[in-house]
Amino acid sequence: MTMKGRESGMPEEAYWASFFEPEVIIDRLLGTAVPGDVIEFGCGYGSFTVPTARRTTGRVIALDIEPEMVDCVRQKALAFDLPNIQADVRDFVAQGTGVDSESQAHAMIFNLLHLEHPVALLREAYRILQDGGALSVLHWRSDIPTPRGPSLAIRPTPEQCRRWMTGAGFHTIESVDLQDCCPFHFGLLARR
Ligand SMILES: C[S@@+](CC[C@H](N)C(=O)[O-])C[C@H]1O[C@@H](n2cnc3c(N)ncnc32)[C@H](O)[C@@H]1O
């Protein structure tokens, strides 16, 4: 049985792309030079995979349950000459990431933390991050009207995400201001 997160399907790519300035978001959440390997949970079209891969000499593991999404990311890796992107089809809820413990410098969970078992996913991120590694979370705001995003009933607030992150072991959780580049979203950054 697959365990695709509830309300995690993607709309048409151009529409999705209209909500973000991914280069700026990645500069703010991961920095301009990412020191080491990165894992992305639920990469979708690779909107954030590509700018991340440009900012690290390490590898970016991009996982998604949907083969079409993984194909799309692989094509972008070829088109933009980013051989450090490794896109794989995987149900990380049912199977985990399969990535070695304490091996990653950064883990990204973008537009996905409304899934059924957020703390279990955050624990998997914690397991595979190096000591002192970083977790970034991006999600749709629920305090203003937004053109897209999961139902408000399941959409977590930043405060809820912080509690889940703390519950999974993360510390030094900070809010990252994205008002100018990404008005419908909030960003959080935490340390393992
Ligand atoms: C709303 S999209 C966000 C994509 C990307 N993070 C972004 O922000 O542009 C969530 C993605 O997570 C994937 N996903 C949902 N459940 C998953 C699971 N159990 N294992 C792997 N991928 C999953 C979906 O297929 C989808 O591409």
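Residues numbered from 1 in each chain as written. Predicted model: local features only at pLDDT ≥ 70, side-chain atom pairs only at ≥ 80, totals over all residues. Heavy atoms only, no water.

With respect to the nonpolar core
Then, number 1: Counting 34 residues, the largest nonpolar core has Phe20, Ile25, Leu30, Phe48, Phe110 and Leu138 as its most contacted members.
Then, number 2: Contributions of two or more residues to this core are made by α2 (22–29), α3 (49–54), β2 (60–64), α4 (67–79), β3 (85–89), β4 (104–110) and β5 (129–140).
Then, number 3: Broken down by element, this core gets its largest block of residues, five residues, from α4.
Then, number 4: If we ignore the near neighbours within four places in the chain, the residues touching Ile25 are Phe20, Phe48, Leu138, Cys181 and Cys182.
Then, number 5: In this structure, Phe92, Ile109, Phe170 and Phe186 belong to the second largest nonpolar core, which totals 27 residues. (Core = buried A, V, L, I, M, F, W, Y, C linked by side-chain atoms within 4.5 Å. Buried < 20%, exposed > 50% of the residue type's maximum accessible area, 1.4 Å probe, protein only. Helix = DSSP H or I, 4+ residues; strand = E, 2+ residues; numbered from the N terminus. Contact = heavy atoms within 4.5 Å.)

A short note on the packing of aromatic side chains
Then, number 1: Inspection of the entire model under this criterion finds 11 aromatic pairs.
Then, number 2: Measuring from ring centre to ring centre gives 5.2 Å for Phe19 and Trp140, while their planes differ by 75 degrees; the resulting arrangement is edge-to-face. Placement of the pair is Phe19 in the loop between α1 (13–17) and α2 and Trp140 in strand β5, with a sequence separation of 121 residues.
Then, number 3: Between Phe48 and Phe110 the ring centres are 4.9 Å apart and the planes differ by 80 degrees, which places this aromatic pair in the edge-to-face class. (Phe/Tyr/Trp six-rings, centres within 6.5 Å; stacked < 30°, edge-to-face > 60°.)

Re helix α7 (residues 158–167)
Then, number 1: Listing the buried residues of α7 in full gives Cys161, Trp164 and Met165. Taken end-on, α7 shows its buried residues confined to a sector of 100 degrees, consistent with a single buried face.
Then, number 2: Against α6 (118–128), β5, β6 (171–176) and β7 (185–191) lie the buried residues of α7.
Then, number 3: Note on α7: the residue one or two positions beyond its end, Gly169, has a positive phi of about 110 degrees. (Arc of directions from axis to C-beta.)

So, a nonpolar patch on the surface
Then, number 1: Residues Met1, Met3 and Val93 make up a contiguous nonpolar surface patch of about 320 Å² in total accessible area.
Then, number 2: Position of Met3 relative to the elements: it lies in the segment before α1. (Patch = residues over 30% accessible without salt bridge, like charges linked within 9 Å, V, L, I, M, F, W, Y side chains within 5 Å. Areas by Shrake-Rupley, 256 points an atom, 1.4 Å probe, with all protein chains shown as cover. Salt bridge = Lys/Arg side-chain N within 4 Å of Asp/Glu carboxyl O.)

Some remarks on the site of the ligand
Then, number 1: Within the structure, the ligand sits among 22 residues, and Gly5, Trp16, Gly42, Asp64 and Asn111 are positioned closest to it.
Then, number 2: With respect to the ligand, the side chain of Asp64 contributes an N or O atom lying 2.6 Å from an oxygen atom.
Then, number 3: Here a nitrogen atom of the ligand and a backbone polar atom of Phe92 are 3.2 Å apart.
Then, number 4: Burial of the ligand by the surrounding chains reaches 99%, relative to a free accessible area of 600 Å².
Then, number 5: Residues that form the shell around the ligand fall into these classes: 11 nonpolar, six polar and five charged. (Near = heavy atom within 4 Å. Polar contact = N/O pair within 3.5 Å; in protein donor to acceptor, adjacent residues only side chain to side chain. Nonpolar A, V, L, I, M, F, W, Y, C, P; charged D, E, K, R; others polar.)

None of this, on its own, says anything about what the molecule does.
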